[in-house]
Amino acid sequence: MKRILVVEDNETNLYLIRFILKKSGYEVIEARDGASGVETAIKEKPDLIIMDIQLPDIDGLETTKRIRGSEAGSDVPIIALTSYAMTGDREKALDAGCTGYIEKPINPETFVAEIEKYL
Amino acid sequence: MKIFNKRFRFGLRTKFISVAVIITLFMAGMLILFFITQQRTILTEELKKRGIALTRNLAYNCEYGVITEDEVILGQLIEGIKKHQDISYAVVFNKEGKVLAASSEESIFQQFPGNDGLRSNEEQIQYHVFEETGPVFDITVPIVIQEEIKLEDEDWFIGDRQGKDISTGKAKYGEKAAIGLARVGISLKNTNAAINRNRNISISAIAFISIASGIIFSVLLVMIVIRPLHKFSQGADAIGKGDFNYHLDINSSDEIGVLAESFNAMTKELKEKNEMLEKASKELREYSESLEKIVKLRTHELEGKTIDLENEVAVRKQTEKKVRTEKAYIDQLFESAQEAIVMTDKDGRMLRVNSEFIRLFDYTIDEVLGSSLDDLIAPQEYHDNAVSVTKKVSDGEKVAFEAVRQRKDGTLLNVSVLASPIIVDGELVAVYGIYRDITALKRAEKALEERSKELAEANIRLKELDRLKSMFIASMSHELRTPLNSIIGFTGIILQGLVGEINEEQRKQLALVKNSANHLLALINDVIDVSKIEADQIELVIEEYDLADLIQEVNDSFKVAVDEKGLKLSLEMPERLTIKSDERRTKQVFMNLVSNAVKFTDRGEIVIKVAKKDERVEISVRDTGIGIEKKTMNKLFKAFSRIYTKDTLKEGTGLGLYISRKMANLLGGELSAKSEFGKGSKFTFTLPLKYKEEQRNEKDTGS
């Protein structure tokens, strides 16, 4: 069973993503801020990471950079959850080391299919 | 020549003879005059003395006859004296003046000489010309008693032989009175006749002598002078005709002979000179001929030169005109320039200024010319600087700077100055200074600086505001959409049946929730796009992708909606169409067009065509919908302009086409529309195959 790390501070979104992924047969690991995201990623070595950009402590971009900076997280697919409003989020995400991005709001009908392109 | 000679010959002879005769005549005349005068004097004196002697003799002899008044004796005495030659008359008076005896009856001789009677006892002699006798000496001698006569002089009888006036040699008769007077007239007739005869003879003789001497002189003259002269004349004629061999044959030892020798020598010399002259003349002729040739040659050359010269003159005139024209240009430029221009010598003394200079610094032309530029217009604190600039320019440097200068009245001016040297053949001849009054500019600059400062401050505040706005949008986006994410997400999950079975009514209602949420999301997204466009914060992601895939995907996504409305959707496009652009923005524009077409078309068809044209791709979406009224056509691409139709109010933000056109422009493309109201519309979206940065209207801030 593939394991997916979801770094997301919003409980509702976390719940939605977790629900969808579990229904699709994935094991979900959670982190609610950047620091724990980096820690969990290095410790658990997930098969994929879904990274929200807006996080309470360090943002998703910095978190991604730190994960990429570690030995364990150098080549794990990281999918950024970007906000439509924020100018340059997608580019910044790719620059920071993300493999791809999914723009919020999440569409349950296409979400899993998009994830699976990177697995 | 000949005439001259003749005239000369005759003239000379005539003159010589005339002079000789005149001199002879004059001298003879003088001699005749002298001799005649001498003769007349001698003869007249002799006559006078003879008369006096006869009269004294008469008076002596009459003593007795008078005393006795014996007229017979006296008459005999008168007769006796009358017999003497030349005696015209003889009269004897007593002392009362009574005629005692007379030779003639004429009363004139019987008058007693002197009115006062016989008062004087002196002898008298007078010259008279009487009608009866002609010229006479009238001699009177007193008659005295003889014993009482005392002779003072022995020869008183004879008189003065020296020819002095006889009357001075007087006989003294003492104190005794005369007893009578003897009067005798002795005629000059014979004497004068003799004198005249002598004179005629003398004149004849002298005339003869004169003529003879004239002839002799003439002959001699011809022999001695005229003939040689004639030879000279002939010689001169011959020489005149060119006969230099003429030899003058005169061998006299006088001046003529010397002259002839000189003449011959001269002829010889002339001959030599003539020969030399002929030789020289020949040479000269030859030289002249060669000279003529040279002259002809030179003339020919000169004609050529003249043409060259004419051409050169023409060129020079043209050049002069050009120079004048250029000078006029420069003068005009100099005078009409809006800058104050001054020309100085290398020491900074002003040579020329234009009228703007006079106007700007308010000096008169007389005050300016010859003055030092720096002394005149550089204020004290700028003077050293001005002098150093003058020095630099004098060293051949061109200097541009800004400075402060002063007017005559001391007011200060900000000026920009361009000082440049005028160098001719490496030598500095003058310096040009061009002054532009930038006082107003400086003031404006200062104001601008202040304004800029204000603006910079305002800009800082604006940037802060902008940052706040961006933060606000980000926050709004996040905060508004987070709940929407949940709504959309969970309705999706339920509708998918992931949670469990739902009935039809629940499905229908949840679908409405989901649609409304999506619409709300679209609204929020549009508002965010507009704010980004207006803040110029649209960020493009340029990459290569297949447009055909994108079109197909969008086309497919509308299939359900099209089917539901019973419309026909057709698509024409190449199989693959790789372009380099922003995929997401291209999709946004295209989706907007198809979405509108579906929204506003109730029956008929929607035709999508994609075609490559040169370096661009053209995407057109045509529908058979309600169309657009002409009056609203111009509002079509404006923000917040919604198309209201009579019966339908379609949902939408009114921002779609506004955003689409802006996006199309940002991608370097265009978006245009054509429509026939009631029949349908056609939207055409073109964009370059390869996006180029400069094709964007505005720059990405990239924040």
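Rules of the game
- Residues numbered from 1 in each chain as written.
- Chains lettered and ligands numbered in written order.
- Predicted model: local features only at pLDDT ≥ 70, side-chain atom pairs only at ≥ 80, totals over all residues.
- Helix = DSSP H or I, 4+ residues; strand = E, 2+ residues; numbered from the N terminus.
- Buried ≥ 20, exposed ≤ 12 C-beta atoms within 10 Å, placed from the backbone.
- Contact = placed C-beta atoms within 7 Å.
- Nonpolar A, V, L, I, M, F, W, Y, C, P; charged D, E, K, R; others polar.
- Pairing = 2+ DSSP bridges.
- Axes fitted to C-alpha atoms, helices over the stretch in contact; angles between N-to-C directions.
- Parallel < 35°, antiparallel > 145°, perpendicular 65-115°, else oblique.
- Left-handed = near helix turned anticlockwise from the far one by under 90°.
- pLDDT = per-residue confidence, 0-100.
- Expected span 1.5 Å × (residues − 1).
- Arc of directions from axis to C-beta.

### Side note on the overall build of chain A
Each helix and strand counted, chain A has five helices and five strands in total. Going from the N terminus to the C terminus, chain A shows its helices and strands as β-α-β-α-β-α-β-α-β-α. Burial status across chain A gives 45% buried among its 119 residues. Look at the contacts in chain A between residues 6 or more apart in sequence, and 60% of them connect residues 24 or more apart.

### Focus on the overall build of chain B
Of regular secondary structure, chain B possesses 17 helices and 17 strands. Evaluated residue by residue, chain B yields a buried proportion of 21% over its 703 residues. Taking as baseline every contact in chain B between residues at least 6 positions apart, the subset at least 24 positions apart corresponds to 64%.

### What to know about the interface of chain A and chain B
It is common to give the size of an interface as the accessible area that goes away when the parts come together. Chain A puts 22 residues into the contact, and the matching count from chain B is 25 residues. Elements with a contribution of two residues or more to the side of chain A that touches chain B: helix H1 (11-23), helix H4 (89-96) and helix H5 (108-116) of chain A. Split into classes, the residues belonging to the side of chain A that touches chain B amount to nine nonpolar, eight polar and five charged.

### So, the sheet that holds strand E9 (residues 412-424) of chain B
All names here are of chain B. Here five strands make up an open sheet; going across it, the order is E7-E6-E10-E9-E8 and the pairing antiparallel. Both edges of this open sheet fall to strand E7 (350-353) and strand E8 (399-406), since each of them pairs with a single strand only. Across the sheet, the mean angle from the axis of one strand to that of its neighbour is 30°, orientation sign disregarded. Relative to strand E10 (residues 427-437), E9 runs antiparallel, the two being bridged by 10 bridges. Each residue of the ladder has a partner; that of proline 421, found in E10, is valine 431. The sheet contacts of helix H10 (residues 380-394) involve E8, E9 and E10, and relative to E8 the element is tilted by about 145°.

### Details of the packing of helix H13 (residues 547-557) of chain B against helix H15 (residues 583-600) of chain B
Residues and elements named next belong to chain B. Direction vectors running N to C along H13 and H15 enclose 40°, while the axes themselves pass 10 Å from each other. Taken together, the axes of H13 and H15 are oblique relative to one another. The way H13 lies across H15 gives a crossing that is right-handed. In this structure, H13 uses Leu550, Ile551 and Val554 to contact H15, whose residues at the interface are Glu583, Thr586, Lys587, Phe590, Met591 and Val594. Considered class by class, the residues forming the contact of H13 with H15 number six nonpolar, one polar and two charged.

### A short note on the packing of H15 of chain B against helix H17 (residues 656-666) of chain B
Residues and elements named next belong to chain B. Interhelical geometry of H15 versus H17 gives an angle of 145° and a closest axis separation of 9 Å. As for how H15 packs across H17, the hand of that crossing is left-handed. Mapping the contact onto sequence places Arg585, Gln588, Val589, Asn592, Leu593 and Asn596 in H15 and Gly656, Ser660, Met663 and Ala664 in H17. For the contact of H15 with H17, the residue count by class is four nonpolar, five polar and one charged.

### Some thoughts on the sheet that holds strand E3 (residues 124-130) of chain B
Residues and elements named next belong to chain B. Here we have five strands laid out as an open sheet, ordered E2-E1-E5-E4-E3, and antiparallel in their pairing. If you trace the sheet from one side to the other, it starts and ends with strand E2 (99-102) and E3, each paired once. The average angle at which neighbouring strand axes cross in this sheet is 20°, direction not considered. In this structure, E3 lies alongside strand E4 (residues 134-143), joined through seven bridges in antiparallel fashion. If you follow glutamine 124 over to E4, its bridge partner there is threonine 140.

### Focus on the confidence of the model for chain B
Residues and elements named next belong to chain B. Taken residue by residue, chain B gives an average pLDDT of 81. The fraction at 70 or more is 89%. The low-confidence segment residues 1-7 (pLDDT under 50) makes three contacts with residues lying over four places distant or belonging to another chain. Here the prediction assigns the complex a pTM of 0.42, and the interface score ipTM is 0.79.

### Let's talk about unusual backbone geometry
With an omega dihedral of 5°, the bond running from lysine 104 of chain A to proline 105 of chain A counts as a cis peptide bond. By secondary structure assignment, the location of proline 105 of chain A is in the loop between strand E5 (100-103) and H5. Located in the positive-phi region is aspartate 362 of chain B, a residue other than glycine, with phi close to 65°. For aspartate 362 of chain B, the location among the structural elements is in the loop between helix H7 (355-361) and helix H8 (365-368). With a phi angle near 50°, aspartate 425 of chain B is a residue other than glycine that sits in the positive phi range.

### Some points on the environment of leucine 94 of chain A
You can see leucine 94 of chain A is positioned in helix H4. In this structure the C-alpha to C-alpha distance between leucine 94 of chain A and leucine 61 of chain A, which are 33 residues apart in sequence, comes to 9.0 Å.

### Remarks on helix H3 (residues 71-82) of chain B
All names here are of chain B. With 12 residues, H3 extends 16 Å between its outermost C-alpha atoms, agreeing within 8% with the 16 Å of an ideal straight helix rising 1.5 Å per residue. Every buried residue of H3 is listed here: Leu74, Leu77, Ile78 and Ile81. What you see down the axis of H3 is that its buried residues fit within an arc of 100°, all on one side. Along H3, exposed side chains directed more than 90 degrees from the buried face belong to Val72 and Glu79.

### A few points about H17 of chain B
All names here are of chain B. With 10 of 11 residues buried, H17 is to be regarded as a mostly interior element. Looking only at H17, the buried set comprises Gly656, Leu657, Tyr658, Ile659, Ser660, Arg661, Lys662, Met663, Ala664 and Leu666. Close packing links the buried residues of H17 with helix H12 (504-534), H15, strand E16 (670-676) and strand E17 (680-688).

### Topic: the environment of alanine 639 of chain B
Residues and elements named next belong to chain B. Mapped onto the elements of the fold, alanine 639 is located in the loop between helix H16 (630-633) and H17. The exposure class of alanine 639 is partly exposed, given the 15 C-beta atoms found within 10 Å. A sequence separation of 109 residues divides alanine 639 from valine 530, and the C-alpha atoms of the two residues are 8.4 Å apart. Residues within four places of alanine 639 in sequence aside, it is in contact with Val530, Leu655 and Tyr658.

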